Amino acid sequence: MAHSAVITGIGIVTAMGVGIEANWRALTDGSAPVVDTERFAPYPVHPAPEIDWSEQIPKRGDQRQMEAWQRLGTYAAGLALDDAGIKGDEALTGTMDMIVAAAGGERDAAVDTMILAEAAGGRADTGVLINEKLTTELRPTLFLAQLSNLLAGNISIVHKVTGSSRTFMGEEGAAMSAVQTAVARIRAGQSTHALVGAAFNAEHADMLLGYEMNRHLARGSWTPVAERASGEGGGLVAGSGGVFLVIEEAGHAAMRGAKIHASIDPVSVDAGAEDGMPARLERLAEETGIDDADMIVSANSGALARNAAEADFVAARWPETPVRTVANKTGHVREAQFPLAIAVAALSIAKGRPVAPLEDAEKPASDAPSTIGVIALGHQVAEAMVRISKPETAR
Amino acid sequence: MSALTDRAGRPLIAITGAGIVSPLGRGKTDNWAALTAGRSGIHRIERFPTDHLRTTIAGTVDFMTAPEDGSAALTYALAEAAALEALEEAGFSDNFGGPLFVAAPPVELEWHQRLGLDAEGAALGEGEAGYDRILAAARATAHPQHSGNVYFGSTALRLKEKTGARGLPVTLSTACASGATAIQLGAEAIRRGEADRVLSVGTDGSVTAEALIRFSLLSALSTQNDVPEQASKPFSKDRDGFVMAEGAGAFVMETLESARARGATILGILEGCGEKADDFHRTRSKPDGSPAIAAVNAALADAGVTPSDVGYINAHGTSTPENDKMECLSLTEVFGEGLGGVPISSNKSMIGHTLTAAGAIEAVFSLMTIRTGTLPPTINHANPDPALVLDCVPNEKRDAAVTRVLSNSFGFGGQNTCLVIAAEPA
């Protein structure tokens, strides 16, 4: 391949704060995570920080048209475009490719509760009841705040990113494929610059419910990821946030004088039956060549079974390498978790500083990393790895 | 023997398998017979009560799964049927080995599941009806049987197991352009040299009361319920919205080189794909049509052809006032007045709007148009819109030798994707 890919823009909104600097500070200062254990008890969640939406979504009308996940994503996308120096440059946004990883948006819990209450009260014709309530009670444009591809649609409208617009679905795997596809297209000359990312709103009962269908959520007081197996519940603490990356062809970035955070090598992804996972992880490690990494950044969700599988693999393959599990600070931001781990790795490279230990079980590190391996296992399915490095050590 | 690469030196992409399910039936043979006979698949909804609904008609597929199985099960069954038909035609068994791209509708718990969970919570002695009680029920017992309605990647992961596709399948949504995007992603993977063959599927079995109400609240649906089969009337003056429908379409695509090497029948060539996002509005197109125009031009450029090389256009043609006007305006810009005489017809006049599946289903019909030399009609064309100057192959099919088709897909959220499909080069 004649082309290589670099990260020139990062937009992050998590419980740690808004923007690169606030998030980087929280990753290096040993501070306690921000957790709300009351609002959705017994489930702790990492809430979104306070945000002045108008900084990235100037029109009130646009803000009103979005539900929380879309606002988080559109805001983070704006931060990434600003960071890359692309925002407002219509020649660049008009040719920019976009891949968003998304699920669906929040439902109207009040309307749902109305229906559930009448049905529980003994009304037998539930089909008619549903029609009656939904036709009269739903906000007409709510659908547009729920549709999977409308985060991308809002980014097009607010930030004028219109080269192309694709939305991948399927939880963590959606983002793995999104970053993989963006990098592969750039390396093959099919694209010069791409906006890739996701957002998730953990602060909604219906969003928690998805995880709890298979009892993945941790309960009670918050504990670090490595200690959750001994706690109550399934180990996953959900977090709100949005993360977007600007990934660019190296020559394209150089030509416009863009600053480069880090290089990103081809992403390897896979999925399959549980018993084949160790072999798949070995293959991904070989393909991405991350054995030389100075640090591993993990996008692990905390969900017990897959967390244990990842921990076993990492301890066996990279026993000496420091590992940083971002979920300790942000919770699991689902589709945004893999882009988040990549962003954290890229910042560590760019800042020339390791990420501080994020829980007691993590080894200290002192040297500036030149290569970081990112590992991601979805909470139920899908695995990915990628090598993030200083541009001079990219492959 | 013709070249194996295009002008840009990229591998030519052969279509070697195609599969389809629509309201008209299962499989290409039945579908093509019905489509070219001008038969409508739109009917009164029987799956759920229609009291209080402004629209009571749809193109539901009622012959695949039982109504109580729900939309996730139907969406999968449709995808599997189309995929297996395509794989069988291409000569691949259950060990396909290439990557899989699936355009699938968003999922969520269905109402019978929410009601059931709330009742479980009540039986546990939990307080009032609502999400707290539902969450209590979920905490008490795992509900893996609901996974298909929780995980957006479920359909693709099941289909990967069934077909032996490799790796992590891509599930995608670009709204009503999704099916075309699945084909585009597959074509790009082949061009990057990542795979010799790919399976691209678009599927949608999501006609539920809530989905219908959501589109209804956006005033997107036809309310011409009296004669269901006449409600979808693209390019007619009295068109008033689309008719929701279900179905699936699938392509097996591979490099022309590998298809010839293994002696596969070449059904056609996927020559080009083009896309452009619209930044104007969440449901309306930019008034000058520039994004749709750019998508059409990008597809033609990607295929290395000019408008005069196109013999037929498979319209997006939803039968909404907005789409048909904007599609005609955009195509007029590219093809000239009267679209330069290029015939254009809308499959949706018969099958309705299969949403996530539409781009894939219409790509299959585009391929069949080339292979049979028959243009499917736009039915229900009794009252032409005088503002739309085009040859929409009104009401009756037409024989015409066609070697290249442009297939359009436009969707909410500013999605515009076009495909160029051609006959095998001589």
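Residues numbered from 1 in each chain as written. Chains lettered and ligands numbered in written order. Predicted model: local features only at pLDDT ≥ 70, side-chain atom pairs only at ≥ 80, totals over all residues. Heavy atoms only, no water.

A tally of helices and strands in chain A yields 15 helices and 14 strands. Each principal axis of the C-alpha distribution contributes one length, and for chain A these read about 65 × 55 × 40 Å. Put simply, chain A has 395 residues, and 66% of those count as buried. Excluding contacts between residues fewer than 6 apart, the proportion of contacts in chain A whose partners are at least 24 apart in sequence is 78%. Of the roughly 12300 Å² of accessible surface on chain A, a fraction of 51% belongs to carbon and sulfur atoms. In chain A, the 33 positive side-chain charges and the 50 negative ones have mean positions that sit 4 Å from each other. (Helix = DSSP H or I, 4+ residues; strand = E, 2+ residues; numbered from the N terminus. Buried < 20%, exposed > 50% of the residue type's maximum accessible area, 1.4 Å probe, protein only. Contact = heavy atoms within 4.5 Å. Areas by Shrake-Rupley, 256 points an atom, 1.4 Å probe, with all protein chains shown as cover. Lys, Arg positive; Asp, Glu negative; His and termini not counted. Charge placed at Lys NZ, Arg CZ, Asp CG, Glu CD.)

So, about the domain arrangement of chain B. Domains assigned within chain B are domain 1 (13-107 + 151-422) and domain 2 (112-148). The distance between the C-alpha centroids of domain 1 of chain B and domain 2 of chain B comes to 38 Å. (Domains from an automatic or database assignment.)

Residue and element names in this part refer to chain B. As for its position among the elements, Asp204 is in strand β7 (residues 197-204). Separated by 2.5 Å, the side chains of Asp204 and Ser206 make a polar contact. Within the local environment of Asp204, its side chain forms a polar contact with the side chain of Thr356, the two groups lying 2.8 Å apart. (Polar contact = N/O pair within 3.5 Å; in protein donor to acceptor, adjacent residues only side chain to side chain.)

With that out of the way, let us pick up the nonpolar core. Counting 161 residues, the largest nonpolar core has Ile264, Phe338, Ile342 and Ile388 of chain A together with Phe251 of chain B as its most contacted members. At ten residues, helix α15 (residues 337-351) of chain A tops the list of elements feeding residues into this core. Those residues within four positions of Ile342 of chain A in sequence are excluded, and the remaining contacts are Ile7, Val179, Leu245, Ile264, Val374, Val386 and Ile388 of chain A. Core analysis: the second largest hydrophobic core is formed by 27 residues, Tyr76, Ala77, Ala79 and Ala82 of chain B among them. (Core = buried A, V, L, I, M, F, W, Y, C linked by side-chain atoms within 4.5 Å.)

Here we come to the pattern of salt bridges. Opposite charge on two side chains makes pairing possible when the charged atoms of those side chains draw close. Scanning all chains against the criterion turns up 55 salt bridges over all chains. The closest approach of N and O atoms between Lys259 of chain A and Asp83 of chain A, which form a salt bridge, is 2.9 Å. Taken together, the residues span a long stretch of sequence, with Lys259 of chain A in the loop between α11 (250-255) and β9 (262-264) and Asp83 of chain A in helix α3 (residues 68-84) at a distance of 176 residues. A salt bridge links Arg317 of chain A to Glu282 of chain A, with the nearest nitrogen and oxygen atoms 2.5 Å apart. You can see Arg317 of chain A sitting in helix α13 (residues 304-317) and its partner Glu282 of chain A sitting in helix α12 (residues 277-288), a full 35 residues away along the chain. For Glu282 of chain A, a relative accessible area of 36% puts it in the partly exposed group. Three or more residues joined by partner-sharing salt bridges are found here, namely Asp97, Arg166 and Arg185 of chain A together with Glu188 and Glu275 of chain B. (Salt bridge = Lys/Arg side-chain N within 4 Å of Asp/Glu carboxyl O.)

Okay, the environment of Ala382 of chain A next. Residue and element names in this part refer to chain A. Within the secondary structure layout, Ala382 lies in the loop between β13 (371-377) and β14 (383-389). Owing to a relative accessible area of 1%, Ala382 belongs among the buried residues under this scheme. C-alpha separation for the pair Ala382 and Gly272, spaced 110 residues apart in sequence, amounts to 7.3 Å.

A few words on the packing of α3 of chain A against helix α8 (residues 150-159) of chain A. Residue and element names in this part refer to chain A. Here α3 crosses α8 at 45°, and the two axes come no closer than 9 Å. Relative to α8, the element α3 is oriented oblique. The chirality of how α3 crosses α8 is right-handed. Along the contact surface, α3 presents Trp69, Gln70, Gly73, Thr74, Ala77, Gly78 and Leu81, while α8 presents Leu150, Leu151, Asn154, Ile155, Val158 and His159. Of the residues assigned to the contact of α3 with α8, the class counts are seven nonpolar, six polar and no charged. (Axes fitted to C-alpha atoms, helices over the stretch in contact; angles between N-to-C directions. Parallel < 35°, antiparallel > 145°, perpendicular 65-115°, else oblique. Left-handed = near helix turned anticlockwise from the far one by under 90°. Nonpolar A, V, L, I, M, F, W, Y, C, P; charged D, E, K, R; others polar.)

Moving on to unusual backbone geometry. Going from Ala41 of chain A to Pro42 of chain A, the amide bond is cis rather than trans, its omega being 10°. In this fold, Pro42 of chain A is placed in the loop between α1 (19-28) and β3 (45-46). Its identity is not glycine, yet Ser219 of chain B carries a phi of approximately 55°, on the positive side. Of note, Ser219 of chain B is situated in the loop between α7 (209-217) and β8 (247-255). For Leu339 of chain B, which is not a glycine, the phi torsion comes out positive at approximately 55°. Its location among the elements puts Leu339 of chain B in the loop between α10 (321-335) and β11 (344-345). The exposure class assigned to Leu339 of chain B is buried, which follows from its relative accessible area of 0%.

Let us look at the packing of aromatic side chains. All told, the structure shown has eight aromatic pairs over all chains when counted by the stated rule. When the centroid spacing of 5.8 Å and the interplanar angle of 85° are considered together, the rings of Trp53 of chain A and Tyr75 of chain A count as edge-to-face. Placement of Trp53 of chain A in the loop between β3 and α2 (60-64) and of Tyr75 of chain A in helix α3 is noted, with a sequence separation of 22 residues between them. Judged by relative accessible area, which is 2%, Tyr75 of chain A ranks as buried. Relative to Phe412 of chain B, the ring of Phe215 of chain B lies with its centre 6.3 Å away and its plane at 45°, an arrangement referred to as tilted. Separated by 197 residues along the polypeptide, Phe215 of chain B in helix α7 and Phe412 of chain B in the loop between β14 (404-411) and β15 (415-422) bring together distant segments of the chain. By relative accessible area, which is 8% here, Phe215 of chain B ends up buried. (Phe/Tyr/Trp six-rings, centres within 6.5 Å; stacked < 30°, edge-to-face > 60°.)

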